[in-house]
Amino acid sequence: MSLSKRTQAQIERRLITSLTEVCETAKTQIPGFVWLTHVVDYEAFPASLKVVWVFDTQDSKDFALADGEATFMGELTAQALADAQVKVRNGSAHVYFDSEEECQRSCGGNWPKRLAQKQTGR
């Protein structure tokens, strides 16, 4: 079933609000974390939803993941999705991690290009 443009806009507003709150919380608690975003294809919603957590460097990302922060970030993401009234079967399947450093290396710092690659699964 295709979602109307109005429904898509409502979902988008709820996602932005809830993920912004999560981002502000995480910035104070996870060293090296700088921002997060999401990408979604509403023709395949909610399965296509990806929440991308971005760190300043690859080392910061690797340290956070080795330190068990992935579980915390997954929990924060799950809560944000619930707050946005987005129902997914496995919240951690929608969480991805990246770094400013890796985007610079692979895409010349072009985040729209990098996120498009995430959306298509590359």
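Owing to the predicted nature of the structure, the values given are computational and were not obtained by experimental measurement.

**Let's talk about the pattern of salt bridges**
All chains considered together, the criterion is met by three salt bridges. Residues D98 and R114 are paired through a salt bridge, measuring 2.8 Å at the closest nitrogen-oxygen approach. Residue D98 is located in strand β3 (residues 95-99), and its partner R114 is located in helix α5 (residues 111-119); the two are separated by 16 residues in the primary sequence. Two residues, E102 and R105, come together in a salt bridge whose shortest N-O distance is 2.2 Å.

**Side note on the sheet that holds strand β2 (residues 50-55)**
Spatially, the three strands line up as an open sheet ordered β1-β2-β3, and their pairing is mixed. Since the sheet does not close on itself, it has two edges, and those belong to β1 (33-39) and β3, each with one partner. Direction aside, the axes of adjacent strands within the sheet are offset by 25° on average. Note that β1 and β2 share six bridges and pair antiparallel.

**Looking at the packing of aromatic side chains**
For any pair of aromatic rings, the description consists of the separation of the ring centres together with the inter-plane angle of the planes. For the structure on display, the rule yields four aromatic pairs. Residues F33 and F55 carry aromatic rings whose centres are separated by 5.9 Å and whose planes lie at 75° to one another, so their mutual orientation is edge-to-face. You can see F33 sitting in strand β1 and its partner F55 sitting in strand β2, a full 22 residues away along the chain. The pair formed by F33 and F55 is uniform in burial state, with each residue classed as buried. With a centroid separation of 5.2 Å and an interplanar angle of 35°, the aromatic rings of Y42 and F45 are classed as tilted. Feature note: the residues F33, W53 and F55 constitute an aromatic cluster, connected by ring pairs.

Reading guide: rules and limits
Residues numbered from 1 in each chain as written. Predicted model: local features only at pLDDT ≥ 70, side-chain atom pairs only at ≥ 80, totals over all residues. Heavy atoms only, no water. Salt bridge = Lys/Arg side-chain N within 4 Å of Asp/Glu carboxyl O. Helix = DSSP H or I, 4+ residues; strand = E, 2+ residues; numbered from the N terminus. Pairing = 2+ DSSP bridges. Axes fitted to C-alpha atoms, helices over the stretch in contact; angles between N-to-C directions. Phe/Tyr/Trp six-rings, centres within 6.5 Å; stacked < 30°, edge-to-face > 60°. Buried < 20%, exposed > 50% of the residue type's maximum accessible area, 1.4 Å probe, protein only.

Bear in mind that shape data such as this cannot, by itself, settle questions of function.
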